[in-house]
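# Fold and geometry: a report
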Amino acid sequence: MDKGKRNLRVQKFLSQAGMASRREAEGWIREGRVEIHRKGLARRISAQIGEVVDPDEDGVFVDGVKIRETQKHVYYLFHKPKNVMVTRKDPENRPTIYDYLKGIPERVNYVGRLDFDSEGLILLTNDGTLHHRLTHPGSKVTKKYQVEVSCMGTSLKDAICQLASGINIGDYVTAPCKIRILRQGPKSTWVEMTLTEGKQRQIRRMWDKIGFQTLRLLRVAIGPLNLGDLSKGRYRKLDDREIQLLEKGPIERSP
């Protein structure tokens, strides 16, 4: 490594530039969509995963477009409606969150996902370092959900004890979580669940395992960030206090 150079692995450069998560960038590299133009070379070459670039000397291109380093990080909260995909483009042409984000001038990436039929809080940013920290498996960032479940024959109290302790959902044993009852009705109950993990359709699979049906699922908080009164399909910028809480890390953890 030459003295005075700013050397970054190409997938980290793309992440810090707000283009994608490192994992997504690695996928682009495998697909041959990423090229590097070294100083002094006449042509661009295909990038390799882990290849080092110097942003001051080398050009990095995605689909033929030169990528520039992000000068200013931005952070948004979005209230995802039901039946909307958390992706840039859906092969089945279903609505995506980016259909609602056309007013955001920066290219932002979502931090974590929500299922198609789930609702609630999504964090969006072009801060690749923060994205990596929050989505790393060891981060243990808390996510808080409000869940409406059907009242079946199983005792709700027994069900909550099982789920809170961790349960085998077929291919995975869930970690302990916090659950409390918010309100009960004749046909359904609303509970609040706080988890530090987020496997695909995990909450729905947890309730299904013990004989309950999930009728509605709403994420209301990620770490220190709260959905509040943000309307469905709307977004807002984080305020300075929220950004400081995110940057401090580690974020609130469950016991």
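Our subject is the structure listed above.
The following paragraphs examine the structure supplied in this document. Quantities reported herein were computed from a predicted structural model and do not represent experimental measurements.

### Structural notes on the overall build of the chain
For the chain, the helix and strand inventory stands at six helices and 15 strands. The buried share among the 255 residues of the chain stands at 46%. Here the analysis covers contacts within the chain between residues at least 6 apart in sequence; of these, 65% occur between residues at least 24 apart. If you sum the accessible surface of the chain, you get close to 14100 Å²; carbon and sulfur atoms cover 46% of it. Placing the 47 positive and 32 negative side-chain charges of the chain at their respective mean positions leaves the two points 2 Å apart.

### Points about the sheet that holds strand 5 (residues 59–62)
Spatially, four strands are ordered 3-2-5-6 in an open sheet, and the strand pairing comes out antiparallel. In this open sheet, the two edge strands, each paired with only one partner strand, are strand 3 (45–46) and strand 6 (65–66). Sheet analysis places strand 2 (residues 34–37) next to strand 5, joined by four bridges and oriented antiparallel. Across the sheet, the residue bridging to H37 is G59, located in strand 5.

### Brief notes about the packing of aromatic side chains
Within this structure, the stated rule accounts for four aromatic pairs. With 6.4 Å between their ring centres and 55 degrees between their planes, Y98 and Y110 make a pair best called tilted. Of this pair, Y98 sits in the loop between strand 7 (75–80) and strand 8 (109–111) while Y110 sits in strand 8, and the two are twelve residues apart along the sequence. The aromatic ring of F116 is capped on one face by R94, whose charged end is 5.0 Å from the ring centroid.

### Some details on the side chain of T96
By the secondary structure assignment, T96 is in the loop between strand 7 and strand 8. Within the structure, the side chain of T96 is placed 3.5 Å from the backbone oxygen of T87, a separation counted as a polar contact.

### Structural notes on the environment of E148
When you line up the elements, E148 lands in strand 10 (residues 143–150). The spacing of E148 and R183 is 35 residues in sequence and 9.4 Å in space, taken between C-alpha atoms. Apart from residues lying up to four places away in sequence, E148 is in contact with S188, T189, W190, Q213, T214, L215 and R216.

### Quick notes on the pattern of salt bridges
Applying the stated criterion across every chain, the model contains 16 salt bridges. One salt bridge connects E119 with R216, and the closest N-O pair in it is separated by 2.9 Å. With E119 in strand 9 (residues 119–125) and R216 in strand 13 (residues 214–222), the pair connects residues that are 97 residues apart, well separated along the chain. Overall, the relative accessible area of 3% leaves E119 in the buried class. K232 is paired through a salt bridge with E119; the nearest N and O atoms lie 3.4 Å apart. With K232 in the loop between strand 14 (225–226) and strand 15 (235–237) and E119 in strand 9, this residue pair connects regions lying 113 residues apart in the sequence.

### Some words on the state of the cysteines
Across all of its chains, the model carries zero disulfides by this definition. No disulfide involves C177; its sulfur sits 11 Å from the nearest other cysteine sulfur, which is in C161. Residue C177 is classed as buried on the basis of its relative accessible area of 9%.

About the cut-offs
Residues numbered from 1 in each chain as written. Predicted model: local features only at pLDDT ≥ 70, side-chain atom pairs only at ≥ 80, totals over all residues. Heavy atoms only, no water. Helix = DSSP H or I, 4+ residues; strand = E, 2+ residues; numbered from the N terminus. Buried < 20%, exposed > 50% of the residue type's maximum accessible area, 1.4 Å probe, protein only. Contact = heavy atoms within 4.5 Å. Areas by Shrake-Rupley, 256 points an atom, 1.4 Å probe, with all protein chains shown as cover. Lys, Arg positive; Asp, Glu negative; His and termini not counted. Charge placed at Lys NZ, Arg CZ, Asp CG, Glu CD. Pairing = 2+ DSSP bridges. Phe/Tyr/Trp six-rings, centres within 6.5 Å; stacked < 30°, edge-to-face > 60°. Lys NZ or Arg CZ within 6 Å of the ring centre and 35° of its normal. Polar contact = N/O pair within 3.5 Å; in protein donor to acceptor, adjacent residues only side chain to side chain. Salt bridge = Lys/Arg side-chain N within 4 Å of Asp/Glu carboxyl O. Disulfide = S-S within 2.5 Å.

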